[in-house]
Amino acid sequence: MYAPERHRAIVDRVATGGRASVNDLADLLDVTPETIRRDLTELEKQGLVRRVHGGAIPVRRLGFQPTVDSRNNVRVEEKARIAQAALEEVPLEGAIIVDSGTTTGRLAALLPHDRQLTVVTNSVQHAIALANRDNITVLLLGGRVRGRTLACVDSWAIQSLKGITADVAFVGADGISVERGLTTPDRTEGEIKAAMLAAARRTVVLADNTKFGDEHFANFGRVEDIDVIITDRGLEAEVAQEIEAAGPMVVRA
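Keep in mind that this is a model prediction, so the values were computed, not measured.

On a regular strand, each side chain points to the face opposite its neighbour's, so the side chains alternate between the two faces of the sheet. In this structure, strand 10 (residues 175–177) lies alongside strand 11 (residues 181–184), joined through 3 bridges in antiparallel fashion. Across the sheet, the residue bridging to Ser177 is Gly181, located in strand 11. Taken together, strand 10 and the strand that follows it, strand 11, pair antiparallel across an intervening segment of 3 residues. In this sheet, strand 13 (residues 218–221) lies alongside strand 11 in antiparallel orientation, the contact comprising 3 bridges. Of the residues in strand 13, the one forming a bridge with Leu182 is Gly221.

Structure follows, in structure tokens:
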């Protein structure tokens, strides 16, 4: 296979899979890992992929964020496993913070009926889904609602988080790396996420494997300040080890 054909195959694989490792691409194209690394370097120079530890991810605009509906039907099985694993971090009773997002939304839907919980959320969808639960008190943060994510943002929402202490905060992230920390495309949502992390005794980040190595416009926290990161089995072991070396426990569900 000539280099241009190989390059097209690599770009297609990265785009459809959301991430591709050097070893997987080498096996797929029957070449050495060194050849793939050279290919990825060339493709990154052309702006066609982004190099990350152990492989590559698609090029995304830093300010771009898909809508809730478009994200809800992507990586469904992975998100379900992440949410199931996150139940281990939910207290028997007490207060939790649940960030907006499709993975955190799956956690909200799984909250047990035998636990007395106060759920603080910035998600209009999460609040509606939990409002009729007898065992759950829902506190919806105020503020402007972003149409793209249906999340409450800006100063009203941040002020609502000040002065409270939750047992656990479950927060989503669009990008995770040791170098860049936790990132998201929108600055106002980054500010809310940071306030959520500050308002909880224990912090848990829920993110599928495609978020690792990615980075976005707004930074809202450091990896070393998180207690647990729950992802799926698609995350390579060496990437998980790199994250754990910085501090948090990594669960691959």
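Back to the write-up after that little detour.
Once that is clear, we can look at the packing of helix 1 (residues 3–17) against helix 3 (residues 33–45). Running from amino to carboxyl end, helix 1 crosses helix 3 at an angle of 80°, the nearest separation of the two axes being 10 Å. By the angle between their directions, the pair helix 1 and helix 3 is classed as roughly perpendicular. Residues Arg6, His7, Ile10 and Val11 of helix 1 lie in contact with helix 3, whose contacting residues are Thr35, Ile36, Asp39, Leu40, Glu42 and Leu43. Residue composition of the contact of helix 1 with helix 3, grouped by class: 5 nonpolar, 2 polar and 3 charged.

Attention now moves to the pattern of salt bridges. Applying the stated criterion across every chain, the model contains 16 salt bridges. Arg6 serves as the salt-bridge partner of Asp39, at 2.5 Å between the closest nitrogen and oxygen. With Asp39 in helix 3 and Arg6 in helix 1, this pair connects stretches of sequence that are 33 residues apart. Assessed through its relative accessible area of 10%, Arg6 is described here as buried. Here Lys211 and Asp208 are joined by a salt bridge, their closest N and O atoms 3.7 Å apart.

Taken in spatial order, the 3 strands line up as 10-11-13 in an open sheet, and their pairing is antiparallel. Looking at the sheet topology across the chains shown, the edges are occupied by strand 10 and strand 13. Averaged over all adjacent pairs, the angle separating strand axes in this sheet is 30°, with direction ignored. Here helix 9 (residues 187–198) sits on the sheet and contacts strand 11 and strand 13; the angle it forms with strand 13, its principal contact strand, is near 5°.

Definitions and cut-offs
Residues numbered from 1 in each chain as written. Predicted model: local features only at pLDDT ≥ 70, side-chain atom pairs only at ≥ 80, totals over all residues. Heavy atoms only, no water. Pairing = 2+ DSSP bridges. Helix = DSSP H or I, 4+ residues; strand = E, 2+ residues; numbered from the N terminus. Axes fitted to C-alpha atoms, helices over the stretch in contact; angles between N-to-C directions. Parallel < 35°, antiparallel > 145°, perpendicular 65-115°, else oblique. Contact = heavy atoms within 4.5 Å. Nonpolar A, V, L, I, M, F, W, Y, C, P; charged D, E, K, R; others polar. Salt bridge = Lys/Arg side-chain N within 4 Å of Asp/Glu carboxyl O. Buried < 20%, exposed > 50% of the residue type's maximum accessible area, 1.4 Å probe, protein only.

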